[in-house]
Amino acid sequence: MPRIVRHHQTGPIKIDPNAPPGDPTAWPRDEQGNLKKISICACGLSARFPFCDGAHKCLNEDPGHVYRYDPQTREVIDKRPEPPASP
Ligand code: FES
């Protein structure tokens, strides 16, 4: 289902495998220091964007509607019928 997500960045988000642990651009590592598999958020609701934080699990959307969520609470604040696709 489509949803309207507001992003404020105007450029890419850097993920650096060489950044030190704790650096916000660092790629997550396991206890042995190996690069971990990561999931990239595709729903747009993650508080840790671009990483998935599981927020997508709250989605329970009806087909044929466009949703907008409160970015803090992740509650649905608007639900409208989906407009027809452009040709
Ligand atoms: S895909 Fe967006 S939080 Fe998981």
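This text goes with the structure placed above it.
Everything in this summary refers to the structure shown in the same document. What you are looking at is a predicted structure, and each value in this text was computed from that prediction instead of being measured. (Residues numbered from 1 in each chain as written. Predicted model: local features only at pLDDT ≥ 70, side-chain atom pairs only at ≥ 80, totals over all residues. Heavy atoms only, no water.)

Before going further, it helps to spend a moment on the packing of aromatic side chains. Applying the stated criterion to the full structure yields 1 aromatic pair. On the numbers, 6.3 Å between centres and 25 degrees between planes, the contact of Y67 with Y69 is stacked. A residue is classified by how much of its surface remains accessible, and Y67, at 4% relative accessible area, is buried. (Phe/Tyr/Trp six-rings, centres within 6.5 Å; stacked < 30°, edge-to-face > 60°. Buried < 20%, exposed > 50% of the residue type's maximum accessible area, 1.4 Å probe, protein only.)

Before going further, it helps to spend a moment on the nonpolar core. One recurring pattern in soluble globular proteins is that nonpolar side chains are buried together. Ranked by size, the top nonpolar core spans 6 residues in total: C41, C43, L45, A55, Y67 and Y69. Once residues within four sequence positions are removed from consideration, L45 is found in contact with R3, A55, L59, Y69 and R74. (Core = buried A, V, L, I, M, F, W, Y, C linked by side-chain atoms within 4.5 Å. Contact = heavy atoms within 4.5 Å.)

Here we come to the layout of surface pockets. Volume-wise, the largest pocket comes out at about 520 Å³. What lines the largest pocket is a set of 19 residues, among which V5, R6, H7, G44 and P71 lie closest to the centre. Among the residues forming the lining of the largest pocket, the class breakdown is 9 nonpolar, 6 polar and 4 charged. (1 Å grid on protein atoms, 1.4 Å probe; cavity = no way out; pocket = protein on both sides within 12 Å on 5 of 7 lines; lining within 4 Å. Points joined across faces, edges and corners; volume = space filled by probe spheres on them. Nonpolar A, V, L, I, M, F, W, Y, C, P; charged D, E, K, R; others polar.)

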